[in-house]
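Residue strings, one per chain:
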Amino acid sequence: MLILNNDSTHEPGLVSIGLVNPKSASNVASILRAGGCYGISSVFYTGQRFRRAKDFNQDTKGVRFKIPTIGVDDLFEFMPHGATPVAVEISEQAQPLPEFEHPDNAYYILGPEDGSIPLKVVKQCSHIVYVPTFTSMNLAATANVLLYDRLAKRGYVHSKAFIRKSRDNNNRL
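Each value, and the rule that gives it
- Residues numbered from 1 in each chain as written.
- Predicted model: local features only at pLDDT ≥ 70, side-chain atom pairs only at ≥ 80, totals over all residues.
- Heavy atoms only, no water.
- Pairing = 2+ DSSP bridges.
- Helix = DSSP H or I, 4+ residues; strand = E, 2+ residues; numbered from the N terminus.
- Contact = heavy atoms within 4.5 Å.
- Axes fitted to C-alpha atoms, helices over the stretch in contact; angles between N-to-C directions.
- Core = buried A, V, L, I, M, F, W, Y, C linked by side-chain atoms within 4.5 Å.
- Buried < 20%, exposed > 50% of the residue type's maximum accessible area, 1.4 Å probe, protein only.
- pLDDT = per-residue confidence, 0-100.
- Polar contact = N/O pair within 3.5 Å; in protein donor to acceptor, adjacent residues only side chain to side chain.
- Phe/Tyr/Trp six-rings, centres within 6.5 Å; stacked < 30°, edge-to-face > 60°.

Chemist: Which residues make up the sheet that holds strand S6 (residues 105–110), and what values do they have?
Modeler: Sheet strands line up and pair through hydrogen bonds in the backbone, either parallel or antiparallel. Across the sheet, which stays open at both edges, the 7 strands sit in the order S3-S2-S1-S6-S4-S7-S5 with parallel pairing between neighbours. Bordering the open sheet on either side are strand S3 (69–71) and strand S5 (95–96), each of which pairs with just one other strand. In the sheet, strand S4 (residues 84–88) pairs with S6 via 5 bridges, with the strands oriented parallel. By the bridge assignment, Ala87 is partnered in S6 with Ile109. Running over the sheet, helix H3 (residues 139–153) touches strand S1 (14–19), S4 and S6 and is turned about 160 degrees from S6.

Structure (structure tokens):
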């Protein structure tokens, strides 16, 4: 098992993401951007489809250079130490995200844009959760909603210091 340290300036707990054969470089870049916003530690992915594309424009903060993004053959072989695997999938067995209690050390596994997480992977997860929507969402949108939900439920500290830390050069108010 790989042990990764979390940057303690982010929310309490560790967060990693596993991507099953992602199709789009723009979605992977958007997930990395979300990772920078919500404090993820690492991204693991299987497959090589998104590597064919060169469009990482959505990662406007260069988070891909800060968060380890590692290609693996098996998402569980490199699961972070002590992590609880959570499949994020539209499934009748899944718990709705609004009712889900996020584990302290979470390893969220998301399926490809054009398919589902394989059953053998889902069976290795401790939880299955889905985002209630009328149709399926884009992969990066799902990651953003999931990570926002985690931050909102984990009691982030509302303060001027938190807001100042969240700003970048474009936010001046």
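Chemist: With reference to specific residues and values, describe the nonpolar core.
Modeler: Core analysis: the largest hydrophobic core is formed by 27 residues, its most contacted members being Ile17, Leu19, Tyr108, Leu110 and Leu147. Put simply, the parts of the chain that give this core at least two residues each are S1, helix H1 (25–38), strand S2 (42–45), S4, S6 and H3. By residue number, the principal contributor to this core is H3, which donates 6 residues. Leu19 has contacts with Val28, Ile31, Val43, Phe44, Tyr45, Thr46, Leu75, Leu110 and Leu139, leaving out every residue within four places of it along the chain. If you look at the next biggest cluster of nonpolar residues, it comprises 16 residues, including Leu75, Phe76, Ile109 and Val122.

Chemist: An account of the confidence of the model for the protein chain is requested, with residue identities and associated values reported.
Modeler: Overall, the predicted model of the protein chain reaches an average pLDDT of 82, with 72% of residues at or above 70. Long-range and interchain partners of residues 1–12, a stretch whose pLDDT sits below 50, account for 31 contacts in this model, where long-range means more than four residues apart.

Chemist: Run through the side chain of Ser24, naming residues and quoting values.
Modeler: Mapped onto the elements, Ser24 comes out in the loop between S1 and H1. Polar contacts involving the side chain of Ser24 include one to the main-chain amide nitrogen of Asn27, which spans 3.1 Å.

Chemist: Outline the packing of aromatic side chains, supporting the account with residue identities and numerical values.
Modeler: Inspection of the entire model under this criterion finds 1 aromatic pair. Consider the rings of Phe44 and Tyr107, whose centres lie 6.0 Å apart with planes at 85 degrees: the pair is edge-to-face. Of the two residues, Phe44 sits in strand S2 while Tyr107 sits in strand S6, which places them 63 residues apart along the sequence. For Tyr107, a relative accessible area of 0% puts it in the buried group.

Chemist: Quick rundown of the environment of Val88? Include the residues and the values.
Modeler: As for its position among the elements, Val88 is in strand S4. A relative accessible area of 9% means that Val88 is categorised as buried. Expressed as a C-alpha distance, the spacing of Val88 and Thr142, which sit 54 residues apart in the sequence, is 8.5 Å. In this structure Val88 touches Tyr108, Ile109, Leu110, Gly111, Ile117, Val129, Thr142 and Leu146, once residues within four positions along its chain are discounted.

Chemist: Describe unusual backbone geometry, naming the residues involved and giving the relevant values.
Modeler: Not every positive phi belongs to a glycine, and Asn21 is a case in point at roughly 40 degrees. Structurally, Asn21 is set in the loop between S1 and H1.

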